[in-house]
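# Coordinate analysis (summary)
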Amino acid sequence: MNIWIEYWKKEEKSKNTHAQIRELAKWIEPDPKDVHKRFCQSREDANRYAESLQEHGYYVRIKEDGSR
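The text that follows walks through the structure, step by step, so that each part is easy to find. (Residues numbered from 1 in each chain as written. Predicted model: local features only at pLDDT ≥ 70, side-chain atom pairs only at ≥ 80, totals over all residues. Heavy atoms only, no water.)

### Brief notes about the packing of aromatic side chains
For clarity, the threshold we go by: Pairing of aromatic rings covers Phe, Tyr and Trp, the last through its six-membered ring, and needs centres within 6.5 Å; plane angles under 30 degrees mean stacked, over 60 mean edge-to-face, and all others mean tilted. Secondary structure is summarised from DSSP: a helix means a run of H or I of at least four residues, a strand means a run of E of at least two, and numbering begins at the N terminus for each. In this scheme, a residue with accessible area under 20% of its type's maximum is buried, one over 50% is exposed, and one in between is partly exposed, where area comes from a 1.4 Å probe on protein chains only.
A complete count under the given rule lists four aromatic pairs for this structure. Centre to centre, the rings of Tyr7 and Tyr49 are 6.4 Å apart; their planes meet at 80 degrees, and the pair counts as edge-to-face. Within this pair, whereas Tyr7 is found in strand S1 (residues 3–9), its partner Tyr49 is found in helix H1 (residues 43–55), the two being separated by 42 residues in sequence. A relative accessible area of 15% means that Tyr7 is categorised as buried. The interplanar angle of 35 degrees and the centroid separation of 5.9 Å between the aromatic rings of Trp8 and Tyr59 together place this pair among those described as tilted. Taken together, the residues span a long stretch of sequence, with Trp8 in strand S1 and Tyr59 in strand S3 (residues 58–64) at a distance of 51 residues. What makes Trp8 buried here is its relative accessible area of 6%.

Right under this line is the structure:
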């Protein structure tokens, strides 16, 4: 089974403030050219690396294929 992380930099494009919400936030898929991938040896390694990336301002997805 292959495990990898996809990550991209968080960019705040919202004009909403805590005092006035103009609209609900909507999920926008990142541009594929901005998404980086890193393969990991295990799910635990992927989780540790993903947490580190999140602390440094990245969105993270952990993915795996179904082969065993």
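### Overview of the nonpolar core
Applied cut-off: Think of a nonpolar core as a cluster: buried Ala, Val, Leu, Ile, Met, Phe, Trp, Tyr and Cys residues, connected wherever their side-chain atoms sit within 4.5 Å. Whether two residues touch is decided by their heavy atoms; if any such pair falls within 4.5 Å, the residues are in contact.
One finds Ile3, Ile5, Tyr7, Cys40, Ala46, Ala50, Leu53 and Val60 forming the largest nonpolar core, which totals eight residues. Of all the secondary-structure elements, those providing two or more residues to this core are S1 and H1. Filtering out sequence-adjacent residues up to four positions away, Cys40 remains in contact with Ile3, Trp4, Ile5, Asp45 and Ala46.

### Brief notes about H1
Quick reminder of the rule: Multiplying 1.5 Å by the helix residue count minus one yields the expected span of that helix. In this description, the arc belongs to the directions extending from the helix axis to the C-beta atoms.
Compared with an ideal rise of 1.5 Å per residue, which puts 13 residues at 18 Å, H1 spans 18 Å between its outermost C-alpha atoms and is within 8% of the ideal. Among all positions in H1, only Ala46, Ala50 and Leu53 are buried. Looking down the long axis of H1, one finds its buried residues gathered within 60 degrees of arc, a one-sided arrangement. Facing away from the buried side of H1, by more than 90 degrees, are the exposed residues Glu44, Arg48 and Glu55.

### Some points on the pattern of salt bridges
The test is simple: A pairing counts as a salt bridge when a side-chain nitrogen of Lys or Arg comes within 4 Å of a carboxyl oxygen of Asp or Glu.
For the structure shown, the criterion picks out seven salt bridges. Measuring nitrogen to oxygen at the nearest pair gives 3.7 Å for the salt bridge that ties Lys33 to Asp31. Each member of the salt-bridge network shares a partner with another, and the members are Glu6, Glu29, Arg61 and Lys63.

### Quick word on the sheet that holds strand S2 (residues 36–40)
Put simply, the test is: At least two bridges found by DSSP between two strands is the condition for calling them paired. Axes, fitted as lines to C-alpha atoms, cover a helix only where it is in contact. Angles between the N-to-C directions of the axes lie from 0 to 180 degrees.
Across the sheet, which stays open at both edges, the three strands sit in the order S2-S1-S3 with antiparallel pairing between neighbours. Pairing within the sheet leaves two strands with one partner each, and these edge strands are S2 and S3. When the angles between neighbouring strand axes are averaged without regard to direction, this sheet yields 25 degrees. As defined by bridge partners, S1 adjoins S3 across seven bridges and the pair is classed as antiparallel. Its bridge partner being in S3, Ile5 is matched across the sheet by Ile62. The sheet strands contacting H1 are S1, S2 and S3, and the helix crosses S3 at an angle near 165 degrees.

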